[in-house]
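Examination of the molecular architecture
Read off the chains here:
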Amino acid sequence: MMSLESGKRVRLGRIVGLYGVQGQVKLESWTDPRIQIFRYQPWLLTAPGVEKEIDGIRGRAQGKGLVATLPGIEDRDQATALIGCEITVSRDALPPPAPGEFYWTDLEGLEVVTTENVMLGRVNHLFATGANDVMVVKDGERERLIPFVQGPYVHSVDFDAGRIVVDWDPEF
């Protein structure tokens, strides 16, 4: 079983707008399905100059988006101050990933080596391209973009060793 940093936070979405005059907000959710964002609480809302923990959020799908009611946010002016806030939750609030699946936050910081044991660097972050996810691996001098595709490129992920083994040309 993987050991996780105490207090590690996972980004689940952000507040993108207002809905109505009673303090409801529109959300962008990065969960799958998107409505699942309401399952994980409490939320920590963060933006420059704002850090607020909120529990008891209620929400619903509204058209192609989501609308949330946040306890303690009673009017449009209070809600306006939260536009742009990222929504994060404690990593412990999420269920364990299915076998062969990983939370990106758990991969960040792991060292990446080739199948020939050549050190490429550490996972800085990941991003989605539509075709596949990509690891951004940095070694201080160089940055490599390596597809996170299990089998052809990613051979193993070992949390106990803190290592990902990839089939990748170190010169590329």
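Here the structure is a predicted model, which means the values were calculated and not measured.

Conventions and cut-offs
Residues numbered from 1 in each chain as written. Predicted model: local features only at pLDDT ≥ 70, side-chain atom pairs only at ≥ 80, totals over all residues. Heavy atoms only, no water. Helix = DSSP H or I, 4+ residues; strand = E, 2+ residues; numbered from the N terminus. Contact = heavy atoms within 4.5 Å. Salt bridge = Lys/Arg side-chain N within 4 Å of Asp/Glu carboxyl O. Buried < 20%, exposed > 50% of the residue type's maximum accessible area, 1.4 Å probe, protein only. Patch = residues over 30% accessible without salt bridge, like charges linked within 9 Å, V, L, I, M, F, W, Y side chains within 5 Å. Areas by Shrake-Rupley, 256 points an atom, 1.4 Å probe, with all protein chains shown as cover. pLDDT = per-residue confidence, 0-100. Pairing = 2+ DSSP bridges. Axes fitted to C-alpha atoms, helices over the stretch in contact; angles between N-to-C directions. Phe/Tyr/Trp six-rings, centres within 6.5 Å; stacked < 30°, edge-to-face > 60°.

1. What about the environment of Ala93?
In this structure, Ala93 sits in the loop between strand 7 (86–90) and helix 2 (104–107). Considered as a pair, Ala93 and Tyr40 are 53 residues apart in the sequence and their alpha carbons are 6.0 Å apart. When sequence neighbours within four positions are dropped, the list of residues in contact with Ala93 reads Tyr40 and Gln41.

2. So, the pattern of salt bridges
A complete count under the given rule lists six salt bridges for this structure. Where Glu86 meets Arg11, a salt bridge forms, and the shortest distance between an N and an O atom there is 3.0 Å. Residue Glu86 is located in strand 7, and its partner Arg11 is located in strand 1 (residues 9–19); the two are separated by 75 residues in the primary sequence. Look at Arg11 and you get exposed, because its relative accessible area is 51%. A salt bridge links Glu28 to Arg14; the shortest N-O distance between them is 2.7 Å. Linking Glu28 in strand 2 (residues 24–29) with Arg14 in strand 1, this pair joins segments that are 14 residues apart in sequence. Judged by relative accessible area, Glu28 falls into the partly exposed class, the value being 29%. Overall, the relative accessible area of 34% leaves Arg14 in the partly exposed class.

3. Quick look at a nonpolar patch on the surface
On the surface, Trp104, Phe127 and Leu145 cluster together into a nonpolar patch covering about 260 Å² of accessible area. One can find Leu145 in strand 11 (residues 143–147). Leu145 sits in the partly exposed class, given a relative accessible area of 46%.

4. Some remarks on the confidence of the model for the protein chain
On average, residues of the protein chain carry a pLDDT of 92, and 96% of them reach 70 or more. Taken as a whole, residues 1–6 scores under 50 in pLDDT and shows seven contacts with residues more than four places along the chain or in a different chain.

5. Overview of the environment of Ala79
With respect to the helices and strands, the residue Ala79 is situated in helix 1 (residues 76–80). Each C-alpha atom, one on Ala79 and one on Leu18, is 6.9 Å from the other, the two residues being 61 residues apart in sequence. Every residue in contact with Ala79, bar those within four places of it in the chain, is listed here: Leu18, Gly23, Gln24, Val25 and Ile73.

6. Notes on the sheet that holds strand 10 (residues 133–138)
Ordered by their spatial adjacency, six strands build an open sheet running 11-10-9-8-13-12, and the pairing between neighbours is mixed. Only two strands of the sheet have a single neighbouring strand rather than two, namely strand 11 and strand 12 (154–158). Each adjacent strand pair in this sheet contributes to an overall mean axis angle of 35°, direction not counted. By the bridge criterion, three bridges tie strand 8 (residues 111–114) to strand 9 (residues 119–128) in an arrangement that is antiparallel. Looking at strand 9, one finds that Val112 is bridged to Gly121.

7. Focus: the packing of aromatic side chains
All chains considered together, the criterion is met by five aromatic pairs. With centroids separated by 5.9 Å and ring planes inclined at 85°, the aromatic side chains of Phe102 and Phe148 adopt a geometry described as edge-to-face. Of the two residues, Phe102 is situated in the loop between strand 7 and helix 2 and Phe148 in the loop between strand 11 and strand 12; the sequence distance between them amounts to 46 residues. Ring centres 5.9 Å apart and planes at 50° place the aromatic pair Phe102 and Phe159 in the tilted group. Of this pair, Phe102 sits in the loop between strand 7 and helix 2 while Phe159 sits in the loop between strand 12 and strand 13 (163–166), placing them 57 residues apart in sequence. By relative accessible area, Phe102 is classed as partly exposed at 23%. Joined through ring pairs, the aromatic side chains of Phe102, Phe148 and Phe159 make up one cluster.

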